[in-house]
Structure formats: C-alpha cells, structure tokens
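Tertiary structure, described
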Amino acid sequence: MLKFNDTFKKIKKGFWPILALVMFFAVPAESQACTLIYAGANKTEDGITIFGRSEDHDSDSPKLFQKVPAGEHKTGEKYEGCYGFTWEFTHDSYAYTAFCDDNSMGFCPDCGQEHEHTPYQAGGTNEKGLTVTATETLYANKKIEKSDPFKEDGIEEAEMSTILLSEASNAREAMELLASIYDESGANSGAGVLVADAKEAWYIECISGTQYVAVKLNSYMLFINPNVSSIGRIDLDDDDNIYVSDDLIKKAVEAGCFVGDKKKNVIDFAASYEMDYDEFGSERLSIGLKYLSKKNKYRDKKDKVDRSLFCITNINSSGDIVEPYTNLELKERLNIKNVVQFFKTKPISNPRNMETHIFEIKDESLTGTVEWVSIGEAEYSVFVPHYPLLINDVYKAYSKGCGQAEVSEMEPKEGAYHLSFDSEEWMIYPENWQDSYYWTFEELMILSEMDEYKAEHIKETFDSLQKEIYSDWKTNKKDIKESVKQYYGDEYVNVSDSGDGDESGTGDESEAETNSSGSSQAMETPEEMATKRSAYMAEKTHNAALDLLKEYHILDSEGNEATADSKDTEKSKTDSKKSGISLSTIMIILGAACAVVLVVIIAYKKKKKK
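These figures come from a predicted structure and were not determined experimentally. (Residues numbered from 1 in each chain as written. Predicted model: local features only at pLDDT ≥ 70, side-chain atom pairs only at ≥ 80, totals over all residues. Heavy atoms only, no water.)

When its secondary structure is counted, the protein chain shows 15 helices and 24 strands. Here the protein chain holds 610 residues, and the buried ones make up 56% of them. For the protein chain, the computed accessible surface area is about 26000 Å², with 49% contributed by carbon and sulfur atoms. (Helix = DSSP H or I, 4+ residues; strand = E, 2+ residues; numbered from the N terminus. Buried < 20%, exposed > 50% of the residue type's maximum accessible area, 1.4 Å probe, protein only. Areas by Shrake-Rupley, 256 points an atom, 1.4 Å probe, with all protein chains shown as cover.)

If you want it as structure tokens, here you go:
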C-alpha cells in the first residue's frame, strides 16, 4: 500500500485544490505526447547516428519490451488493426525488437477489442538492420482536416511499427512502403515516423488523410519533434532528398491554407498543414531547444518559438536547393549520456512516459546498432543497452504482462493503489505487479511525484546505477564484439573502432565475465552472450527498484506486497502522516501568500500616494 494514502484522505477532505495546483505545475498540459530527437553522425561525439523517442500516453498504461520471433506473421496472413486498417503480409515476418501495449488479459488496451492483433508496437530494430520509431502524433489545422480528412480505414499509429518492421528490409524500402500505404489506404491520424539503417535514414510526416512528406536525413541533420511538425520550407524539385505525395501543394491550395511559392514548387509544409502548435502547447519544444542549442533566444515578438530555428528545410538563403538542414546550433556534440539526460529533463520526462528508447547506429555489423531501453518515467528510470541484431530474448520482467490497473471510485482497503492524476478515481495495481518491470517503476514514479524527498533519493539511486550500467557496457560490448569476431569473422564486427569506449574497458575480462553473466565466455555464442549481458543489466536495475520498494515498505522483505496489517505498512502510514504536505506544496502556498501580501502592499502605497 502506498505511503501517501493517509495524505490523500486529508486532501480529499479539504485540500483537493492544493493537489490540483501541484499537479498543474508537475504535469504540463501537453504532456500526453511524445518527444523525438535525431542527430546525424557529424553532430555526435563518436560519429554515431543517435536518435530516440519517449512514448507518452497516460500513467497506468503498461508497456512491454519484447523480441518478436521471425515468422510471427505468415505470408498471406490478413492483419486487422485497431481502427479499420487491414494488411496482407507479403512474406513471413522478420524477427525484431519492439515495445508493445500489454494485451496479456486477452484484449487490446489501445482500442478495447478482442480480435487477434498486435496492440501498438512503438519502435524497434529487425533482423535486417532496419530501425523504426513510430510515432509522433501530429495535428492538422481545421482547414486541411476538412478538405482532406483522415480515413477511418487508413493506417494508424498503432500499426506502423508492426507492418514496417515485419515487411521492410531497409530504410528506403520502409519509407516507400509507408508512402504506398498512405497512397492506397490513407492515414487514420497525423504522425511523424523515423526509419533508419546503417546507410540512410528517412523522416516522414503525414498531417492529413492522404498527403505526406519524406525527407532523407544526412549526417549533419539535427532536429527535435515534441508533437510539432519538423518539416518547414521544402523545394519539391529535390528528387534526391525529398519524397512527397502527388497533390501536396494542390490540397493545401484547395483548403485555403497554402503557404509557399506555387510557381517555384515550394511549400512550407508545417505552416500549410499543421495546427498552430501553440494551441496545444510548446513547452517541451522550448525546453528541448534550450537543452541542445547554444542560442539564447527561441521566441519571436509574438512569444512563439521561431520555426526557422528548428524546422527542416532544403532551401538556403539564396533560394537554392541544398541538402536538408536545420538552423539548430549545438552547445556540444551529442553522445549517449547527454541524450539520456535530454530525455530525463522535465517536462520531456513526465509521469505519462510509458517507455523511452534511444538508438545508436554506427555500421552494418551485428554490433553496429545499440538500443537503449527505459521503462516508465525517464527521470526515475535507468537506460539499459541491447544489441538488437544479436539478442534472442529479453529480461523476463520486461515482457511480463500483468494486465491493466483496475479503476475504483472508492479507496481500496488493501493492495497497491494510488489516486489517478486525471480524476478522483483510484487505480488498483494488477496481481503480481512487482514481477513486471513497468509496474515496479510506475510505483516508484508515483512515490517520486508525491514526495520530493523520496524523489531525490530515487533519482540519486538510479543516477548512480546508470553510471554502473555505462561502466558495465564498456566491458560487455568489448567481450561481445570479440565473440562475434571469433564466431563469424572480422567482416561482422570491427573491434578496434575508435570512439566507442572499447579501449576503456576494465582490462580484467575474467572478472567482468563473472560479474556480468557468471558463465564461461568460451561456452557461449555471441547471441547467448549478448542476451545474458543485457538481461543481467536489466535485472540489476529491476532489483534496485524492488529494493527501494522494500525500503519504503511497499513490499515486505520477501518481495511480496505488504499486507494491510503488517508492521511495515503501519510504519509506512505513520511516516506518511509525519511527512505532511510536500515541499513543493509548501512553496506554492508560500508563493501565493507572498503574492497576496505584495498586492496588498502595492495597493496600500497607491492609496497613500493619493
């Protein structure tokens, strides 16, 4: 049972407005949304392409991380999606990693249906080296939505990763496949999708029923997308780097919202198709730009973020076609550590983070792609690295489905639960929730959001653990690369690559082997080693989370859910009563009081002057 339940009782009796105010500041209005970042190889410290995305929807929305086996879908199989889209597979599906909504109870939490389909896979890498992150929700302006409405049976965000990772073998093939689906079936909703392999990457935006733009991303590209279109002024005559629908300009002209130069075949895609981003908030955009850019000014006189700063264009100041670029200027080159920190920065990190994934792509080898996995709110989680082209399974708690939270209008008398962020309803955790990686970290997130002292402790614990994971990874990837070299030959790995930290390992391979997997390296294939090493690091983070829950008396010493009559739970309740209102609440109240006093003083002085 959560330690702040007694505090909630007090709040419900008379302090609900205070909680509402606290949550207003703690959870940004637009936080039911995702944030994407992409940095080409020339923007990173090690010359490695890095991109990633936080998947946000709602707290208490469990996400699983899986390795989907090859042949999950068979040739000719008809796939029925969540909202009417159907697809017939052209070949047996490739194996791939994926994040998936938890449908272990037999129904899809995304659409609520029970027919057999894969509920919302959000990103991953397949056996051919194709990586997909989908999707960034985008919003059409009213004029274009009326003129070119979304299609009921068009492809929706929930189906994109499943189809592309199953069917496509490289980035260009994935981009053209998605474009052909838009052409034939249309889109059910607006979305931004990034597909990449070791040779090239494409970013595709569709913000109407049938029209889209795809941009080839080069090594100098840098952009972010917090549910705001990242494609600005585009010259459509650039056949090498731009791939667009046939009627992109025509549809915008017909809708009366075209911005650009029709004679020159130039369109400002975001300005023509997208809803004004300030209508649904831009705080994550401002914070993201501030984190990345060395420029100090992000807003124009109308107090909006200047689109020319962050949007992709292929037109220079002279009006000539050039390779696509943005005007973002980095404070420092990016690496995995500062990209992890980017996603840990509020409000990019927020209670509605379901998971966050970051990909590093260096080359076509079996170790050329690294996938960093975080479950739950990024600030109160740990990123664990995997080689998606090698692992044959994932840590069991990643893929453990326990089902959804049960909703109750009355406070439960037992079990683990908390008050919803969005209503006065109680969210009751499913049975054996502590066996699930998602639910374990969800509980710690709840504690962090409601108690600043616990938040600081949890964050410090996980920051320290993240450093251990970075250190473990230096040794692990060196061992795994050497194993790949021995089993498959030099062409499958370049152990001597500079800049990837291989040379900075411990130098004590036998000790590292004992710490990481506890088995002999010579007995393992590269696939077995890669799987065990990542599982070990994931288990390490899960155990650290469970230890915190034991320390906070949410779980007993055996790791079971603490009972209502246990001494630990009683101690938890006592601690909760002592803790009272959190520091953030006190600061808000004091701030409000100071503001009132200031207003009174100013009014008094004005009256005295008169």
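This next bit is on helix 9 (residues 336-344). When you tally the buried positions in helix 9, you get 7 out of 9 residues, the bulk of the element. Considered for burial, the residues of helix 9 that qualify are Ile336, Asn338, Val339, Val340, Phe342, Phe343 and Lys344. The N-cap residue of helix 9 is Asn335: its side-chain oxygen and the backbone nitrogen of Lys337 are 3.0 Å apart. (Polar contact = N/O pair within 3.5 Å; in protein donor to acceptor, adjacent residues only side chain to side chain.)

Turning to the sheet that holds strand 13 (residues 233-235), a few remarks are in order. Read from one edge of the open sheet, 3 strands run 13-16-15, paired in antiparallel fashion. Looking at which strands have only one partner, the edges of the open sheet turn out to be strand 13 and strand 15 (260-261). (Pairing = 2+ DSSP bridges.)

For the coordinates displayed, the defined rule picks out 24 aromatic pairs. Look at Tyr38 and Phe223: their rings are 5.9 Å apart centre to centre, the planes differ by 25°, and that puts the pair in the stacked class. You can see Tyr38 sitting in strand 1 (residues 35-39) and its partner Phe223 sitting in strand 12 (residues 222-225), a full 185 residues away along the chain. Overall, Tyr38 belongs to the buried group, its relative accessible area being 2%. Ring plane angle 50° and centroid distance 4.6 Å describe the contact between Tyr398 and Tyr437, whose orientation is recorded as tilted. (Phe/Tyr/Trp six-rings, centres within 6.5 Å; stacked < 30°, edge-to-face > 60°.)

The next subject is the environment of Phe310. One can find Phe310 in helix 8 (residues 307-310). Spatially, the C-alpha atoms of Phe310 and Asn327 are 6.2 Å apart, while their sequence positions differ by 17 residues. Those residues in contact with Phe310 that sit more than four places away from it in its chain are Phe223, Val228, Ser229, Ser230, Leu285, Leu289, Val305, Thr326 and Leu328. (Contact = heavy atoms within 4.5 Å.)

Looking now at the sheet that holds strand 24 (residues 426-428). Taken in spatial order, the 3 strands of this open sheet run 22-24-23, and their pairing is antiparallel. Lying at the two open borders of the sheet, with one neighbouring strand each, are strand 22 (406-408) and strand 23 (417-419). When strand polarity is set aside, the average angle formed by the axes of neighbouring strands in this sheet is 25°. Sheet analysis places strand 23 next to strand 24, joined by 3 bridges and oriented antiparallel. (Axes fitted to C-alpha atoms, helices over the stretch in contact; angles between N-to-C directions.)

Contact pair helix 7 (residues 283-292) / helix 9: the axes reach a minimum separation of 10 Å and the direction vectors enclose 155°. In terms of axis orientation, helix 7 runs roughly antiparallel to helix 9. Handedness of the helix 7/helix 9 crossing: right-handed. Taken together, the residues of helix 9 that come into contact with helix 7 (itself represented by Gly288, Tyr291 and Leu292) are Asn338, Gln341 and Phe342. Here the contact of helix 7 with helix 9 is composed, by residue class, of 3 nonpolar, 3 polar and no charged. (Parallel < 35°, antiparallel > 145°, perpendicular 65-115°, else oblique. Left-handed = near helix turned anticlockwise from the far one by under 90°. Nonpolar A, V, L, I, M, F, W, Y, C, P; charged D, E, K, R; others polar.)

This paragraph deals with the pattern of salt bridges. Opposite charge on two side chains makes pairing possible when the charged atoms of those side chains draw close. Taken as a whole and assessed by the stated rule, the structure comprises 15 salt bridges. Close ionic contact of Lys63 with Asp101 constitutes a salt bridge, the shortest N to O distance being 2.6 Å. Pair noted here: Lys63 is in strand 3 (residues 63-68) and Asp101 is in strand 6 (residues 96-101), with a separation of 38 residues, a long-range link. Accessibility expressed as a relative area gives 1% for Lys63, which makes it buried. For Asp101, a relative accessible area of 7% corresponds to the buried category. Of the charged contacts, one joins Asp463 and Lys459 as a salt bridge, the two residues approaching to 3.1 Å between their closest N and O atoms. (Salt bridge = Lys/Arg side-chain N within 4 Å of Asp/Glu carboxyl O.)

With 15 residues, helix 4 (residues 171-185) ought to run about 21 Å at 1.5 Å a step, and its terminal C-alpha atoms sit 21 Å apart, in line with that. Looking at helix 4, one finds that the buried residues are Ala171, Ala174, Met175, Leu177, Leu178, Ala179, Ile181 and Tyr182. The secondary structure elements touched by the buried residues of helix 4 are strand 5 (86-88), helix 3 (157-167), strand 9 (190-196), strand 10 (201-206), strand 11 (212-217) and strand 14 (242-244). N-cap assignment for helix 4: the residue whose side-chain oxygen lies 3.3 Å from the backbone N of Arg172 is Asn170. (Expected span 1.5 Å × (residues − 1).)

On to the pairing of strand 9. With 7 of 7 residues buried, strand 9 lies mostly within the body of the structure. Looking at chain direction, strand 9 and strand 10 are connected through 6 bridges and run antiparallel. Residue pairing in the sheet places Leu194 in a bridge with Tyr203 of strand 10. Linking strand 9 back to strand 10 in an antiparallel pair, the connection comprises 4 residues.

Let's shift gears to a nonpolar patch on the surface. A cluster of nonpolar side chains, contributed by Tyr487, Tyr488 and Tyr492, occupies part of the molecular surface with about 290 Å² of accessible area. Secondary-structure assignment places Tyr487 in helix 11 (residues 452-488). (Patch = residues over 30% accessible without salt bridge, like charges linked within 9 Å, V, L, I, M, F, W, Y side chains within 5 Å.)

With an omega dihedral of 10°, the bond running from Ala134 to Thr135 counts as a cis peptide bond. The amide bond that connects Lys346 to the next residue, Pro347, takes the cis arrangement and shows omega of 0°. Tracing the backbone shows Pro347 in the loop between helix 9 and strand 19 (353-361). In this structure, Asp60 takes a positive phi of about 60° despite not being glycine. Within the secondary structure, Asp60 sits in the loop between strand 2 (49-56) and strand 3.

Turning next to the side chain of Asn218. With respect to the helices and strands, Asn218 occurs in the loop between strand 11 and strand 12. At 2.9 Å, the side chain of Asn218 forms a polar contact with the backbone nitrogen of Tyr220.

Here we come to the nonpolar core. Counting 88 residues, the largest nonpolar core has Phe343, Ile358, Trp372, Tyr398, Leu444 and Phe462 as the members making the most contacts within it. Looking at this core, the element that brings in the most residues is helix 13 (residues 526-551), giving 10 residues. Setting aside chain neighbours within four positions, we find Trp372 in contact with Ile336, Thr356, His357, Ile358, Glu360, Phe383, Val384, Pro385, Gln466, Ile469, Tyr470 and Trp473. If you look at the next biggest cluster of nonpolar residues, it comprises 33 residues, including Tyr96, Ile155, Ala191 and Val193. (Core = buried A, V, L, I, M, F, W, Y, C linked by side-chain atoms within 4.5 Å.)

Next up on the list: the side chain of Glu449. Within the fold, Glu449 resides in helix 10 (residues 437-450). Here Glu449 falls in the buried class, since its relative accessible area comes to 13%. Within the structure, the side chain of Glu449 is placed 3.2 Å from the side chain of Lys346, a separation counted as a polar contact.

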